[in-house]
Amino acid sequence: MIASIKANLPVFVVIVPLFIAFILLTFTRRMRLVEGLVIFAEALGLVCAGYLAYTVLKQNGTQIIYQLGGWPAPWGIELKVGSLAALFLLIIFGVCFPVAIFAKGNLTEEVGSNERITRFYVLYLLLGGALAGMAVTNDMFNIYVLVEVATLSCCGLVSARKHPRAAEAAFTYLILATLGSALVMGGIGFIYITTGHLNMGFASQELKQVWQDNPHVVWMAVSFILVGFGVKSALFPLHVWLPDAHSQAPTPASAVLSGIAVKGYLICFLKFMYGVFGPELMQEFAVNRILVFLGLVAIIGGSLSALTQDELKRRLAFSTVAQVGYIYLGFGLMNEKGLAGALFYLTSHAVIKSTLFLAAGAILAATGKKKISELKGIGRKMPITMATFTIASLSLIGVPLFSGFVGKWHLLLGSLEAGNIIPAVIIIFGSVLCAAYLFPVIRIAYFEPAPEEEWKDPGLSQKCSLILLSTVVVILGVVPGPILELARRAAAELLML
Amino acid sequence: MKILLEKLIINYPYCIAAILFMIGGLTVLTRSNLLKKLLGINIMESSIFLLFVAGGNIRGGAVPVFDKANVESVYINPLPSALMLTGIVVSVSVTAFALALIIRLYKTYGTVDAQRIAQMRNEVEEK
């Protein structure tokens, strides 16, 4: 029994959340059972992901290959759990689990009746399952379908809030994201037409031999996939949908959207670029330089736009745009340190940004104030919420001993190793800008006189989830060991060292 | 020039796909009517379906069913058509969801024009 579960673990990680999502709808009237099931599903996923990561680390480089239905690779669909997939699975469930605890008993105000909350949870689990699928699958068309499942559930999560602005933000998001996935599908079509394979490994081998026959078609494929995933993961000039969608969503939804949904597309992009086209073709088409340039523009542009926002959630959403820039920059550096730094930064940003959004949501729920300038003295009224917010902000800025620092440090080393001084300067300048838009929040919260009003910390489960997430932030900064090792191995696998 | 024209005529399904893609993309980005945006998305997705199906087709190819009498015949590739079945299902669900959102927006604002909705929203926020 245990042995067969272990052997089928890669597919269980995907199927369990999807399965539980659809049985939730039958328990609409029993809210406690629904919430319990959601938390159980995420906890189960976390345990499975932890076990897979442990196995991958212990196996020292060999990847777990799982053939769906027992059909071997070029004909059947293949699931592959290497270091990259194991790392991303850990991120997904490591963020989904605390956010599910936060959402417990806290959605009535934002989402509405029990029926609506159950539907919200259905989409929440579908998003988790689809992202887990993106992490493990090795088939291009599978990625397209999972990307669509994730997109639709993201839009559903945004529109779950009763406010009409949420519907508007969700529609913009849906249109632009569908545009992105149409482009991705086009890119997959061009790869399929040139190589005749949908399996990433086989397509990559074939592409190395035949790309010179039709270089223009391969060019089209590269650009379609770059722009498609660029729209979906909010690469700077294509980020227009993100601030609205992420700030209008209900609190737990904005935490997972900013924390992991955007990262899912980044991981897919990484799989396509390194796994299908390969580092050599990337250099041939100068994709690496494009990525570094766009990353730098995103860091500066995102941070400057964040500075001008006075609404807390919108400022955090724009900060996500800037942080995505760091990750793209790392993807473009094409060396092990830079790539490992980008993957570690992705991990730490997932945890940090969900903490920040949850804290901001808790403040919004308690005070009803959206603007930063109205949050005077909140640090003394809501000590725990603001403490977690401060820890996460310090980490995002990149103060040593917090997780953001480790990622930025490796990105710096990577860009110096690539012999390029400009990215190194921009990384440091980006930290300064980040401090410029997050420190005012902390200053207003702690050093301004508090008004008379009665504002309190949120309930027990919300506090637990905030404390859990901020502990993870600190642990990742103090003992980055295992995660950094996973990131390093994933980078080595991608670069085919 | 003549060779280029010949190539274009021989590969006409791909040309039509490219033209449809551009029509769809332009409609999505330039129209402010939400329904037209949705139509644009649908046109764009259809062009990709056409691209896939054309990629699997072989001129004069047989139906991909094994025939004992005619073992040597060239079959067309059925896989892209099967994949596009999934693509069509996805596109239908996107359309349904988008229509639901449009209905919700229409009930709130009484219009399906993106610019007017933005205007009305800003007016509400200024108050």
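Bear in mind the structure is a predicted one, so any value in this text is a computation, not a measurement. (Residues numbered from 1 in each chain as written. Chains lettered and ligands numbered in written order. Predicted model: local features only at pLDDT ≥ 70, side-chain atom pairs only at ≥ 80, totals over all residues.)

**Structural notes on the overall build of chain B**
Part 1: Helices and strands together make up the secondary structure of chain B, namely five helices and zero strands.
Part 2: In terms of overall dimensions, chain B is more spread out than a globule: its C-alpha atoms have a radius of gyration of 21 Å, far above the 14 Å expected for 127 residues.
Part 3: Principal axes of the C-alpha set define a box for chain B whose edges measure 75 × 40 × 15 Å.
Part 4: The proportion of buried residues among the 127 residues of chain B is 22%.
Part 5: Sequence-distant contacts, at least 24 apart, represent 49% of the contacts inside chain B between residues at least 6 apart. (Helix = DSSP H or I, 4+ residues; strand = E, 2+ residues; numbered from the N terminus. Rg over C-alpha atoms; globule rule 2.2 N^0.38 Å. Buried ≥ 20, exposed ≤ 12 C-beta atoms within 10 Å, placed from the backbone. Contact = placed C-beta atoms within 7 Å.)

**Concerning the overall build of chain A**
Part 1: Scanning chain A from terminus to terminus reveals 20 helices and two strands.
Part 2: Relative to its length of 497 residues, chain A is compact, with a C-alpha radius of gyration of 21 Å against a globular reference of 23 Å.
Part 3: Seen through its C-alpha atoms, chain A measures out along the principal axes to roughly 75 × 55 × 45 Å.
Part 4: Within chain A, the fraction of its 497 residues that count as buried is 62%.
Part 5: Sequence-distant contacts, at least 24 apart, represent 81% of the contacts inside chain A between residues at least 6 apart.

**Things to note about the interface of chain A and chain B**
Part 1: If you look at the interface, chain A gives 22 residues, while chain B gives 24 residues.
Part 2: For the side of chain A that touches chain B, the secondary structure elements donating two or more residues are α6 (140–159) and α7 (164–195) of chain A.
Part 3: The element that contributes the greatest number of residues to the side of chain A that touches chain B is α7 of chain A, accounting for 16 residues.
Part 4: Here the residues of the side of chain A that touches chain B sort into 15 nonpolar, four polar and three charged. (Nonpolar A, V, L, I, M, F, W, Y, C, P; charged D, E, K, R; others polar.)

**What about helix α5 (residues 114–136) of chain A?**
Part 1: End to end, α5 of chain A covers 33 Å across 23 residues, agreeing with the expected 33 Å (1.5 Å per residue, within 8%).
Part 2: Burial of α5 of chain A is extensive: 19 of the 23 residues sit out of reach of the surface. (Expected span 1.5 Å × (residues − 1).)

**Considering the pairing of strand β2 (residues 78–81) of chain A**
All names here are of chain A.
Part 1: Of the two faces of β2, the one lined by E78 and K80 and the one lined by L79 and V81 are each fully buried.
Part 2: The pairing of strand β1 (residues 64–67) with β2 spans four bridges and is antiparallel. Paired with Y66 across the two strands is L79, which belongs to β2. (Pairing = 2+ DSSP bridges.)

**Some thoughts on helix α8 (residues 200–210) of chain A**
Residues and elements named next belong to chain A.
Part 1: Every buried residue of α8 is listed here: M200, A203 and S204. With its buried residues spanning 100° around the axis, α8 presents them on a single face.
Part 2: On its buried face, α8 is in contact with α6, α7 and α11 (251–284). (Arc of directions from axis to C-beta.)

**Concerning the packing of helix α17 (residues 403–417) of chain A against helix α19 (residues 460–478) of chain A**
Residues and elements named next belong to chain A.
Part 1: Two elements in contact, α17 and α19, have axes whose closest approach is 6 Å; the angle formed by their N-to-C orientations is 40°. In this view, α17 runs oblique relative to α19, as classed from their interaxial angle. From α17, S403, F405 and V406 reach across to α19, where they touch V473, L476 and G477.
Part 2: Residue classes in the contact of α17 with α19 are distributed as four nonpolar, two polar and no charged. (Axes fitted to C-alpha atoms, helices over the stretch in contact; angles between N-to-C directions. Parallel < 35°, antiparallel > 145°, perpendicular 65-115°, else oblique.)

**Some thoughts on the environment of A170 of chain A**
Part 1: With respect to the helices, strands and loops of the structure, A170 of chain A is situated in helix α7.
Part 2: Distance from A170 of chain A to P458 of chain A, taken between C-alpha atoms, is 27 Å for residues 288 residues apart in sequence.
Part 3: Once residues within four sequence positions are removed from consideration, A170 of chain A is found in contact with C155, V158, S159 and A245 of chain A together with L101 of chain B.

**Some thoughts on the environment of D213 of chain A**
Residue and element names in this part refer to chain A.
Part 1: As for its position among the elements, D213 is in the loop between α8 and α9 (215–232).
Part 2: Judged by C-beta crowding, with 9 C-beta atoms within 10 Å, D213 ranks as exposed.
Part 3: Along the backbone, D213 and A103 are 110 residues apart, and their C-alpha atoms lie at a distance of 54 Å.

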